[in-house]
Amino acid sequence: MQKPTLPKGTRDFGPEQMRKRLFIFNTIRQTFQRFGFQPLETPSMENLSTLTGKYGDEGDQLLFKILNSGDFAASLTDTDLQAGSKKLTPKIAEKGLRYDLTVPFARYVVMNRNALTMPFKRYQMQPVWRADRPQKGRYREFYQCDADVVGTDSLVCEAEIVLMIHEVFRNLGIQDFTLKLNNRKILAGIAEVIGVPGQEGLLSVAIDKLDKIGKEKVLDELRERGFSETAVAGLDPIFTFNELETNQVLEQLQTWLSASETAQQGIAELRETLQLVSQYGLTDSRVEIDPTLARGLSYYTGAIFEVKANGVSIGSVSGGGRYDNLTGAFGMPGLSGVGISFGVDRIYDVMEELSLFPASAGQGTQVLIVPFDREARTVGLPLLSKLREANIASEMYPDLTKVKKMLDYANAKAITYVVLIGSEEVQTGILSLKNMITGEQKKATTEEVLRLMQ
RNA sequence: GUGAUUGUAGCUCAGUUGGUUAGAGCGCCGGAUUGUGGUUCCGGAGGUCGCGGGUUCGAGCCCCGUCUUUCACCCCA
């Protein structure tokens, strides 16, 4: 007999973990619904043609592919085999597991374009899969919670995302976070201004590492990637934005990038977004403008968001941005969208590390009924029904066994209250209510028990 | 995909230059205690030392492969 194991990078979630995870899911769902987003689910698997080419070369590498059903290799010929593994893949795998929730959403929008009322706002909370190598805060199967709006390019949507992020993290109890904001147009403008128009992709990848590897190494990497000395030197101003107020950052950017119309547009968008946010009345904003923020996903065209929890070494817990033409890949050009994604698994890790889960998030059964004998059930069962009618999570120990064993059960399940029922309680109708934490025990009527449990 | 790293009881870990029958703490089960848990005392169960091969008279320990864990790079939630 072999020991069972899990595939690399996947996990089981036991009852205690699940209660905490549900706390996160419920908190996020609540905010999404309050902002008018509607639920959507899409299949775990998509046609590979839907997924490939949307996440860049790196992303394509990380797609989990699904072998065709049946004898997937039956129709292969010798020429197929000799053509090499790269060309073989599409012949034996037509489907893949979804890599994120945004691309399947774009696919859904295109397929249902006639039925949807624009602007269309949806939220989606489902697992995604990436064939990455697992490490801290990185899994091969993890959950994302996305909210996206398509069919409008209004910056009100960006502002609402900023608000939702604040609401979600504050409701979760994560107070110390930073919401980094940038705009792809500013990155494009920087590339223009330093004389490498269109190269913002390469540029971004290097600049994004600034706070991790430092200025010199970023410049080295750019040189390695073929950027000229003039271009590298032209980048100097970007290293001066640290610690500046958002408005100062925007002003300096405006001066530095005055030659780029694209950049000016990006700066204007950020300005307007921030103005809208302040009109909403957001207090104690955690927004920082960070011109070095890149976000790899290749489909972003406007605003880019990233959220980091401070004080823990776990990567970003949330990310998103505006994409102007994601539906174009599916034959529906000119539809702008913007969205945000919360990484549940990383949020869990952050909250666990900082001990931020409220006690109620781990709470299961509130009351355990402990019957000493068969007769006790005649009192216990009606009580159970009343407790449940009052929406109190309750259960009765099903076996007639030693009291010790039943109380051990209550302790193991962290059940705070126990109702003890023996011959005395059956005769008098007065119950014995015990608090398992304090050890205190007192007599109480059914009504009193119900009231105390509320 | 590149480079490291880990694996011994349910959990956390010992295990000497390779040497008899692989240990501890916690947890679990039973009893002291047939109407009261957490404390205490007594007893008990539980291991193919990740898996496969090799070296050796002899391997938990050395070598090779493989899976797994963790970490860095790449990239990312």
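Residues numbered from 1 in each chain as written. Chains lettered and ligands numbered in written order. Predicted model: local features only at pLDDT ≥ 70, side-chain atom pairs only at ≥ 80, totals over all residues. Heavy atoms only, no water.

- By the naming in an unreviewed UniProt entry, chain A is Histidine--tRNA ligase, taken from Spirosoma telluris.
- The Subcellular location (unreviewed entry) field of the UniProt record for chain A holds the comment "Cytoplasm". (UniProt positions renumbered as here; feature names shortened; annotations may be inferred.)

## Overview of the overall build of chain A
So, step 1. Along chain A, the regular secondary structure elements total 19 helices and 16 strands.
So, step 2. The principal-axis extents of the C-alpha atoms in chain A amount to approximately 90 × 65 × 50 Å.
So, step 3. Residues counted as buried form 48% of the 454 residues belonging to chain A.
So, step 4. Counting contacts in chain A only where the partners sit at least 6 residues apart, residues at least 24 apart contribute 69% of the total.
So, step 5. Carbon and sulfur atoms make up 49% of the accessible area of chain A, which amounts to about 22,800 Å² in all.
So, step 6. Of the charged side chains in chain A, 52 are positive and 57 negative, and the gap between their average positions amounts to 6 Å. (Helix = DSSP H or I, 4+ residues; strand = E, 2+ residues; numbered from the N terminus. Buried < 20%, exposed > 50% of the residue type's maximum accessible area, 1.4 Å probe, protein only. Contact = heavy atoms within 4.5 Å. Areas by Shrake-Rupley, 256 points an atom, 1.4 Å probe, with all protein chains shown as cover. Lys, Arg positive; Asp, Glu negative; His and termini not counted. Charge placed at Lys NZ, Arg CZ, Asp CG, Glu CD.)

## Re helix 16 (residues 377-389)
Residues three or four positions apart in an α-helix share a direction because the helix packs 3.6 residues into each turn.
So, step 1. Compared with an ideal rise of 1.5 Å per residue, which puts 13 residues at 18 Å, helix 16 spans 18 Å between its outermost C-alpha atoms and is within 8% of the ideal.
So, step 2. Within helix 16, the full set of buried residues consists of V379, G380, L383, L384 and L387. Down the axis of helix 16, the buried side of the element spans an arc of 130°, and every buried residue falls inside it. Set apart from the buried face of helix 16 by more than 90 degrees, the exposed residues are T378 and E389.
So, step 3. For helix 16, the secondary structure elements touched by its buried residues are strand 12 (367-371), strand 13 (394-396), strand 14 (417-421), helix 18 (423-428), strand 15 (431-435) and helix 19 (446-453).
So, step 4. N391 sits one or two positions beyond helix 16 and adopts a positive phi of about 65°. (Expected span 1.5 Å × (residues − 1). Arc of directions from axis to C-beta.)

## A look at the sheet that holds strand 11 (residues 337-343)
Sheet strands pair via backbone hydrogen bonds, and the direction of the pair is either parallel or antiparallel.
So, step 1. With mixed pairing, the eight strands of this open sheet are ordered in space as 1-5-6-11-10-9-7-8. Each of the sheet's edge strands pairs with one partner strand only, and the pair in question is strand 1 (38-39) and strand 8 (287-289).
So, step 2. One ladder, built from two bridges, connects strand 1 with strand 5 (residues 120-129); its direction is parallel. In the strand pairing of strand 5, Q38 is matched with R122.
So, step 3. Contacting strand 5, strand 6 (141-150) and strand 11, helix 1 (residues 15-34) crosses the sheet at an angle of about 5° to strand 6. (Pairing = 2+ DSSP bridges. Axes fitted to C-alpha atoms, helices over the stretch in contact; angles between N-to-C directions.)

## A look at the environment of S75
So, step 1. By the element assignment, S75 lies in the loop between strand 3 (65-67) and helix 4 (78-82).
So, step 2. Overall, S75 belongs to the exposed group, its relative accessible area being 61%.
So, step 3. For the pair S75 and P119, spaced 44 residues apart in sequence, the C-alpha separation works out to 45 Å.

## Some words on the confidence of the model for chain A
So, step 1. Taken residue by residue, chain A gives an average pLDDT of 91. The fraction at 70 or more is 98%.
So, step 2. When mean pLDDT is compared element by element in chain A, strand 1 scores highest at 98, while helix 4 scores lowest at 75.
So, step 3. Confidence metrics for the complex model read pTM 0.92 and ipTM 0.87. (pLDDT = per-residue confidence, 0-100.)

## Brief notes about the UniProt feature "binding site: L-histidine" (unreviewed entry) in chain A
So, step 1. The sites that carry the UniProt feature "binding site: L-histidine" (unreviewed entry) are, in the present numbering, D100, L101, T102, R130, Q144, D148, R295, Y299 and Y300.
So, step 2. As for its position among the elements, L101 is in the loop between strand 4 (93-97) and helix 6 (102-111).
So, step 3. If we ignore the near neighbours within four places in the chain, the residues touching L101 are R122, Q124, Q126, V128, Q144 and D146.
So, step 4. Take R295: it is sitting in the loop between strand 8 and strand 9 (303-309).

## As for the nonpolar core
So, step 1. Judged by nonpolar contacts, the single largest core of 75 residues is most densely connected at F169, F342 and I347.
So, step 2. Residue contributions to this core peak at 11 residues, all from helix 7 (residues 155-172).
So, step 3. I347 has contacts with I24, I28, F169, L172, I174, V317 and F342, leaving out every residue within four places of it along the chain.
So, step 4. F120, Y323, L326 and L335 belong to the second-largest nonpolar core, a separate cluster that totals 22 residues. (Core = buried A, V, L, I, M, F, W, Y, C linked by side-chain atoms within 4.5 Å.)

## Here's the deal with the packing of aromatic side chains
So, step 1. Considering all chains together, one arrives at 16 aromatic pairs under this definition.
So, step 2. With 5.9 Å between their ring centres and 45° between their planes, F32 and F342 make a pair best called tilted. With F32 in helix 1 and F342 in strand 11, the pair connects residues that are 310 residues apart, well separated along the chain.
So, step 3. Here Y55 and Y299 contribute two aromatic rings whose centre-to-centre distance is 6.4 Å and whose plane-to-plane angle is 65°, an arrangement assigned as edge-to-face. (Phe/Tyr/Trp six-rings, centres within 6.5 Å; stacked < 30°, edge-to-face > 60°.)

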